Amino acid sequence: MKTLYLILFLIISNSAVCQIKKWEISNENASKSNTVEINYKSLSIGKNIVIKTCVSCHGNKIDGNGLMKSTSLISDSFNKQSDGMIFTKISEGRELMPSFKGMLKEEEIWSVINYLRALYNPSLIPPPKDVSMDVELNEEIKSITAFIYTKSDTAKIPLKDVDIHFYVKRQFGLMNIGEANNLTKENGRVTVSIPDNIIGDDMGNIQILVKIENSIEFKNTEKSFTKPWGEALKTDDKWYDKNSLWGTSAKTPVWLLMLIIGISSIVFACLTYVFFIIYKIKKSSEIYLN
Amino acid sequence: MNDYQRREFSEKKEEFQEIVAELTKPLGKPSKKLKIWIGFLLFIIGMATISYINQIVNGLSVTDMRDISSWGLYIADFVFLIAVSLIGSLITAILKLANIKWATPLTRISEIIAVGGLIAALLIIVVDMGRPDRLWHIFIYGRLQSPILWDIIVVNTYLIISILLLYLPLIPDIAIMRKNEIGKSTRMEKIYKILSLGWQGSDDQHKLLKKGLAVLMIIIIPVAFSIHTVTSWLFASTLRIGWDSTIFGPYFVSGAFMVGTAAVITAMYIIRWQYKYENYITDYHFNMVGKLLVLTSLLYLYFNLNEYLVPAYKIKSHEGDHLSALFTGDFSTMFWFVQLGGMILPIILMIFKFFRKPLPIFFISIAIILGAFFKRFLIITPTLLHPFLPIQNYPDSYRHYTPTIAECMITFGSIAGVLLIITLFIRIFPIIPIAETAHDREISNEIINS
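Not measured: the values here are computed from a predicted model. (Residues numbered from 1 in each chain as written. Chains lettered and ligands numbered in written order. Predicted model: local features only at pLDDT ≥ 70, side-chain atom pairs only at ≥ 80, totals over all residues. Heavy atoms only, no water.)

## Points about the domain arrangement of chain A
Residue and element names in this part refer to chain A.
Next up, step 1: Once the domains are mapped, chain A shows domain 1 (25-124) and domain 2 (132-227).
Next up, step 2: Just the C-alpha atoms count here: the centres of domain 1 and domain 2 sit 31 Å apart.
Next up, step 3: At the junction of the two partners, domain 1 supplies five residues and domain 2 supplies four residues.
Next up, step 4: In total, about 450 Å² of surface goes out of reach between domain 1 and domain 2, with carbon and sulfur atoms giving 69% of it.
Next up, step 5: One can count zero salt bridges joining domain 1 with domain 2.
Next up, step 6: Seen at the junction of domain 1 and domain 2, the total is zero residue pairs in polar contact (both at pLDDT 80 or more).
Next up, step 7: Looking at the side of domain 1 that touches domain 2, the element that brings in the most residues is helix α3 (residues 40-58), giving four residues.
Next up, step 8: When the residues that make up the side of domain 1 that touches domain 2 are grouped by side-chain class, the tally is three nonpolar, one polar and one charged. (Domains from an automatic or database assignment. Contact = heavy atoms within 4.5 Å. Buried area = accessible area lost by both parts, 1.4 Å probe. Salt bridge = Lys/Arg side-chain N within 4 Å of Asp/Glu carboxyl O. Polar contact = N/O pair within 3.5 Å; in protein donor to acceptor, adjacent residues only side chain to side chain. Helix = DSSP H or I, 4+ residues; strand = E, 2+ residues; numbered from the N terminus. Nonpolar A, V, L, I, M, F, W, Y, C, P; charged D, E, K, R; others polar.)

In structure tokens form, the structure reads like this:
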């Protein structure tokens, strides 16, 4: 019983619910007004920040079910608050909610608020635009250039500052190439080069993807192609053929096998002998009984 | 035979009859108290079974074991039970081989503790498995390179040897019981008949039995050492803070002897108190086994100094987090309870003769057992919570491990299972060896066999 009480005590003492402090927001702060208007730019800034800093705790759907139980940012009660209140909460923080005033600029916090408002009320988001993407490859230096434009009747109008993602497909996911953000230049182009030492299939083929994704301004667009730009995959079988500690059950090292079989047979020989003795005792009693 | 011899013979015979009567007393009708006790144990085991069914239905998520802390109370319980079971080898083999007479009434107690502990340990390992239906895979696909497989081999071997070592000295006792018509016309009669092997007590048979026991007593010592050494290798063969230690084998073995001795003292006390065995388990026995407990505890203290002081002196960066969690951090309360209350204080107290008297040493033993249980927890959980790679992007709850009610219930169930096995054994067989006690009191074979 002592153990029971001790363990119960440990459970209770460990799971004691923490008291959360109340928010303290002055009227002045609460009535602060948003200085950034809702447009493509502020929404994408906001979105990037939310993905980078908010979803880990508030959840991928920012409904409060992230790594810890937290406020749902798409709930009615959250969105009833004034912009100023949300701004203060983000910048000041409270216990588990960190303070962001050192990390984010004011405009960035407002952009986050714009994005959260847009998620709650999608009609605030302007519809995404159609764009076209051409991919130009340079076989010699293994580089890819994405060219982003909109079509007018007569010509292609290049688009500036479109964020392009370049990936190489790997076994379990996509590997990013280039910078974190590859923005198109004046001529609508951005170029990245493929590193030399990427392992491809046994022919050295790698699959490269060029994407516009998760953009608020533009629709998702994707191009993919396969090029022998990687290194050929060489499987090194020599370890698998060896009897080794990391081998399969059929590849037990001989010394280990001998050791285990040796020890076990000595022990079981002794046990067999004991069983034989039991049998002999039984036999000898029968002689007496007869 | 002259008159004097005849008188002595009949006196000895009377003495023997008395011994048989007393030592088979627990085999009579169960008292009300005993029924309540068995009912209580069955209730706990029932609760554990319900928890386990719930765990099978809902998976291991009913426990608090997660990615980081993937071993918890079950494994602590497993190591604890294995540790307790090691006492069988110490008392029945090491002490017997050393010709220590006072160990006689303790042999069977220690051996049944070993058997009970091992059975519960094997069950708790299955409980710890997420997919118990795949248990057989270990026999088909098991890799001999893995210490887990060594553990399975060695634990099962030890169980077989322990059962044999429990059974062999029982043969003459069962024969005595049959001759004295104990258990006649009960359900047990047939079982007694089969188990007694028709023992006649002839010199040949005694020789055979002695030979068999000698083989078992010698072979059980390396097997016993290896069962706990291999169990410690489950930890020590991995590169983890707090486990990456070369002295884990002897550290575990010495700890096991300590908790096992304490378990035997607890059982001795309860059996003596329940069945009024003051003539068989005397204060002298408690004194001697108390000294044994001091010895094993000192040995364990020595290994603890090595295990904690040496890394603490160097405090390598990762090791530092782990040690400070033990010494001053999250686990410090438990750590100091275990180290002070479960080891150092008992040693100091037991140096004085007064504390080696039955009642004081009984309470000290309980403290040691509790300490030993939590010690196993402290060996496992803090290490798992301090991996080399920082814990990132995990839910907050993964950073802590607090056993859930279900885990506690099942763990209590396993302990209750051990106690039930011991209780039922005492109901079926004499817990203090009759024949050996008679031999120690110089009662001749002639009387014993008559």
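## Some remarks on the interface of chain B and chain A
Next up, step 1: Facing the 40 residues of chain B at the interface are 39 residues of chain A.
Next up, step 2: For the pairing of chain B and chain A, the buried interface totals around 3500 Å² over both sides, and the portion due to carbon and sulfur atoms is 81%.
Next up, step 3: Considering only the side of chain B, the residues that lose the most area to chain A are Q145(B), L197(B) and L208(B), jointly responsible for 18% of the buried surface there.
Next up, step 4: Applying the counting criterion to the chain B and chain A interface returns zero salt bridges.
Next up, step 5: Where chain B packs against chain A, one counts seven residue pairs in polar contact (both at pLDDT 80 or more).

## Some words on empty space enclosed by the protein
Residues and elements named next belong to chain B.
Next up, step 1: Inspection of the entire model under this criterion finds one cavity of 30 Å³ or more.
Next up, step 2: If you trace the largest cavity, you find it lined by M258, Y300, V338, Q339, G342, M343, G371, A372, K375 and R376.
Next up, step 3: Put simply, the parts of the chain that give the lining of the largest cavity at least two residues each are α14 (332-351) and α15 (358-384).
Next up, step 4: Its residues assigned to classes, the lining of the largest cavity comprises five nonpolar, three polar and two charged. (1 Å grid on protein atoms, 1.4 Å probe; cavity = no way out; pocket = protein on both sides within 12 Å on 5 of 7 lines; lining within 4 Å. Points joined across faces, edges and corners; volume = space filled by probe spheres on them.)

## Examining the packing of helix α12 (residues 283-314) of chain B against α15(B)
Residue and element names in this part refer to chain B.
Next up, step 1: At a minimum axis separation of 11 Å, α12 and α15 run at an interaxial angle of 30°. Judged by the angle between their axes, α12 and α15 are roughly parallel. Once α12 is placed against α15, the crossing between them reads as left-handed. Residues D283, F286, G290, L293, Y300, N304 and Y308 of α12 lie in contact with α15, whose contacting residues are P358, I361, S365, I368, K375 and R376. (Axes fitted to C-alpha atoms, helices over the stretch in contact; angles between N-to-C directions. Parallel < 35°, antiparallel > 145°, perpendicular 65-115°, else oblique. Left-handed = near helix turned anticlockwise from the far one by under 90°.)

## Notes on the pattern of salt bridges
Residue and element names in this part refer to chain A.
Next up, step 1: Overall, the coordinates contain 18 salt bridges over all chains when judged by the stated rule.
Next up, step 2: With a shortest N-O distance of 3.2 Å, D134 and K156 are connected by a salt bridge. With a gap of 22 residues between them, D134 in strand β1 (residues 132-138) and K156 in strand β3 (residues 156-158) connect regions that are remote in the sequence.
Next up, step 3: Two residues, E139 and K227, come together in a salt bridge whose shortest N-O distance is 2.7 Å. In this pair, E139 is assigned in the loop between β1 and β2 (143-151) and K227 in strand β8 (residues 221-227), connecting sequence segments 88 residues apart.
Next up, step 4: Using a relative accessible area of 46% as the deciding quantity, one classes E139 as partly exposed.
Next up, step 5: Because the salt bridges share partners, they merge into one network encompassing K160, D161 and E186. (Buried < 20%, exposed > 50% of the residue type's maximum accessible area, 1.4 Å probe, protein only.)

## Considerations on the confidence of the model for chain A
Next up, step 1: Confidence along chain A averages 84 in pLDDT terms, with 92% of residues attaining 70 or more.
Next up, step 2: Averaged over each element, pLDDT in chain A is lowest for helix α1 (residues 2-15) of chain A (61) and highest for strand β7 (residues 206-212) of chain A (92). (pLDDT = per-residue confidence, 0-100.)

## Remarks on a negative patch on the surface
Next up, step 1: A surface patch of like charges, here negative, comprises E8(B), E11(B), E14(B) and E18(B).
Next up, step 2: Tracing the chain through its elements places E8(B) in helix α1 (residues 3-23). (Patch = residues over 30% accessible without salt bridge, like charges linked within 9 Å, V, L, I, M, F, W, Y side chains within 5 Å. Areas by Shrake-Rupley, 256 points an atom, 1.4 Å probe, with all protein chains shown as cover. Lys, Arg positive; Asp, Glu negative; His and termini not counted. Charge placed at Lys NZ, Arg CZ, Asp CG, Glu CD.)

## Description of the nonpolar core
Next up, step 1: Judged by nonpolar contacts, the single largest core of 163 residues is most densely connected at F16(B), I113(B), L168(B) and I431(B).
Next up, step 2: A per-element tally of this core places helix α11 (residues 248-275) of chain B first, with 17 residues.
Next up, step 3: In terms of nonpolar packing, the next biggest core, distinct from the first, is built from 23 residues, I62(A), I86(A), W110(A) and A118(A) among them. (Core = buried A, V, L, I, M, F, W, Y, C linked by side-chain atoms within 4.5 Å.)

## A closer look at the packing of aromatic side chains
All names here are of chain B.
Next up, step 1: Under the counting rule described, the total for this entry stands at 31 aromatic pairs over all chains.
Next up, step 2: Taken together through their ring pairs, the aromatic side chains of W71, F235, W243, F248, Y251, F252 and Y300 make up a single cluster.
Next up, step 3: Above the plane of the ring of W273 lies K33, whose end atom (NZ or CZ) is 5.9 Å from the centre.
Next up, step 4: Lying over the aromatic face of W243, R240 brings its terminal NZ or CZ to 5.9 Å of the ring centre. (Phe/Tyr/Trp six-rings, centres within 6.5 Å; stacked < 30°, edge-to-face > 60°. Lys NZ or Arg CZ within 6 Å of the ring centre and 35° of its normal.)

## So, the pairing of strand β6 (residues 189-193) of chain A
All names here are of chain A.
Next up, step 1: Residues of β6 alternate between two faces, with V190 and V192 buried on one and R189, T191 and S193 left unburied on the opposite face.
Next up, step 2: Inspection of the sheet shows β2 paired to β6 by five bridges, in the antiparallel sense. Within β6, the position partnered with S143 by the bridge is S193. (Pairing = 2+ DSSP bridges.)

## Some remarks on helix α6 (residues 106-120) of chain A
Every α-helix winds through 3.6 residues per turn, so residues three or four apart in the chain are directed the same way.
Residues and elements named next belong to chain A.
Next up, step 1: Between its terminal C-alpha atoms α6 stretches 21 Å, which fits the 21 Å expected from 15 residues at 1.5 Å a residue.
Next up, step 2: When we look at burial in α6, the residues that qualify are I109, W110, S111, V112, I113, N114, Y115, L116, R117 and A118.
Next up, step 3: Along its buried surface, α6 packs onto α3, α4 (76-79) and α5 (83-92). (Expected span 1.5 Å × (residues − 1).)

## Thoughts on a nonpolar patch on the surface
All names here are of chain A.
Next up, step 1: Side chains of W239, L245, W246, W255, L259 and I263 sit close together on the surface and give an oily, nonpolar patch of about 720 Å² of accessible area.
Next up, step 2: Residue contributions to the nonpolar patch peak at three residues, all from helix α8 (residues 254-289).
Next up, step 3: Secondary-structure assignment places L259 in helix α8.

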